[in-house]
Amino acid sequence: ATTPLGPGGSALYLIRTDINGDTLWTRTYGGNSWDHAFAIAQTSDGGFILGGRTRSFGAGDYDHYMVRTDMNGDTLWTKTYGSQWWERVNDLALTDDDGFIIAGETSDTLAGLSGSHAIRLDMNGQVVWSKAYNRPGASASISSVEQTSDGGFIFGGGIDGDMYLLKTDGNGETAPLDTAGSPGAPTAPSNLDVQVVNKSAASPTVMLTWDDNSGDEQGFIIEMSTDSLTGYSAVDTAAADDGSATIADLDDNTSLFFRIAAYNGNGNSGYSNVASATTWIAGLKAAEKIVAVHAFPNPFTRSTLIHLTGISSGQMQHTLSLFDITGREVHREVFTSNRIRLQRDQLPGGMYHYRIEDGSGRMASGRLIIQ
């Protein structure tokens, strides 16, 4: 990226040189805001493909940004991929069908976790598939990608400061991470079942039941995804010897997949079977629920930013209430922006439940984990 050469705050900047490094031509790409390039490759036709992030175009904050050019640097097409949250391309590679594979990251994951994000594109930039790869309670990203000889992909990245490799097939599928469990960890739970128990309120609720097969666990981690194979993130925990839990404040009209693992001081067990349910709400009025609430990072150590989507800053007064696991209110704060920075201050580590209410009676709630 460069500034002020671009039309906005910054732009993608491409320079082509001869073998001696002398400039043949330069090009800039972007809009009226902040755009950055982080990856480049030469295509089979002699052109170039650039990947990065953009605030000039797309659906929300920074979005994945791809620009394809001919051999002279003239634009063939530009594409953005993303949600209302932030995304970025960290690396890209050519695929054996003249398409592209993106390795990047996104904040649009369950429980507000930073997540590894891969997208496969055809030669025209159309999405073939999009996958997120995450571990419970972890902050993850992938920073490099190559296609392997079997047609799959190998991704390199990091999780909470550790390096890791992820191998997938050509469709982006991989076995769930950590399925074998750690040495000395508890025996995995089994016979997981999930039922929707609240279909008429503003917050669909499911109940999970399972068999506890271990006598030495310290608790259970409950994970959820909208994909039966990948994209799982921790949404709740249960105490040792528990065999059931309820999860509330879920999206309506959504197919959800759950799995659980036991843990103790030696690590996590393997996972249970995957159980699924589809939520739906009868007669929900639009004014009953704030459009969406996102907290990032979550879990957090010092502070987290809670963002209300679909609410303009200064539009209305909101009240944030924070409760500990006993239901005791431990913090309350009033704000008028569409976002609030919640500071840990003297709060001990653990799980908390937050509720946001505005003047029109709309509500939103969720869970926060302080490490």
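Our structure's up above, just so we're on the same page.
Colleague: How should the overall build of the protein be read in this particular structure?
Modeller: Scanning the protein from N- to C-terminus turns up 0 helices and 28 strands. Across the 371 residues in the protein, those meeting the buried criterion constitute 47%. For the protein, restricting intrachain contacts to residue pairs at least 6 apart in sequence, the fraction spanning at least 24 positions comes to 51%. Accessible surface, the protein: about 16,800 Å² in total, of which carbon and sulfur atoms supply 47%.

Colleague: I keep staring at the packing of aromatic side chains and nothing clicks. Help me out?
Modeller: Think of a pair of aromatic rings as described by two things: how far the centres are apart, and how the planes are tilted against each other in angle. Per the stated rule, a full pass over the model turns up 6 aromatic pairs. On the basis of an interplanar angle of 70° and a centroid distance of 6.2 Å, the ring pair of Trp77 and Phe100 is categorised as edge-to-face. Here Trp77, found in strand E6 (residues 75-81), pairs with Phe100, found in strand E8 (residues 100-106); they are 23 residues apart in sequence, far enough to count as distant. Accessibility assignment for this pair places Trp77 and Phe100 in one class, buried. Among the aromatic residues, those joined into a ring-pair cluster are Trp129, Phe153 and Phe155. A cation over an aromatic ring shows up here: Arg259 above the ring of Tyr232, its NZ or CZ 4.0 Å from the ring centre. Of note, Arg259 hangs over the ring of Tyr271, and the distance from its end group to the ring centre comes to 3.7 Å.

Colleague: Before we go on, may I ask you to explain the nonpolar core in this structure?
Modeller: One recurring pattern in soluble globular proteins is that nonpolar side chains are buried together. Grouped together as the largest cluster of nonpolar side chains are 20 residues, with contacts concentrated most on Val206, Leu208, Trp210, Ile222, Ile247 and Phe258. Only strand E14 (190-198), strand E15 (205-211), strand E16 (219-225), strand E17 (233-239), strand E18 (244-247), strand E19 (255-264) and strand E21 (275-278) provide two or more residues apiece to this core. With residues up to four places along the chain from it excluded, the contact list for Val206 reads Val194, Gln195, Val196, Val197, Ala245, Thr246, Ile247, Leu250, Phe258 and Thr279. Residues Leu308, Leu320, Leu322 and Leu368 belong to the second largest nonpolar core, which totals 15 residues.

Criteria and thresholds
- Residues numbered from 1 in each chain as written.
- Predicted model: local features only at pLDDT ≥ 70, side-chain atom pairs only at ≥ 80, totals over all residues.
- Heavy atoms only, no water.
- Helix = DSSP H or I, 4+ residues; strand = E, 2+ residues; numbered from the N terminus.
- Buried < 20%, exposed > 50% of the residue type's maximum accessible area, 1.4 Å probe, protein only.
- Contact = heavy atoms within 4.5 Å.
- Areas by Shrake-Rupley, 256 points an atom, 1.4 Å probe, with all protein chains shown as cover.
- Phe/Tyr/Trp six-rings, centres within 6.5 Å; stacked < 30°, edge-to-face > 60°.
- Lys NZ or Arg CZ within 6 Å of the ring centre and 35° of its normal.
- Core = buried A, V, L, I, M, F, W, Y, C linked by side-chain atoms within 4.5 Å.

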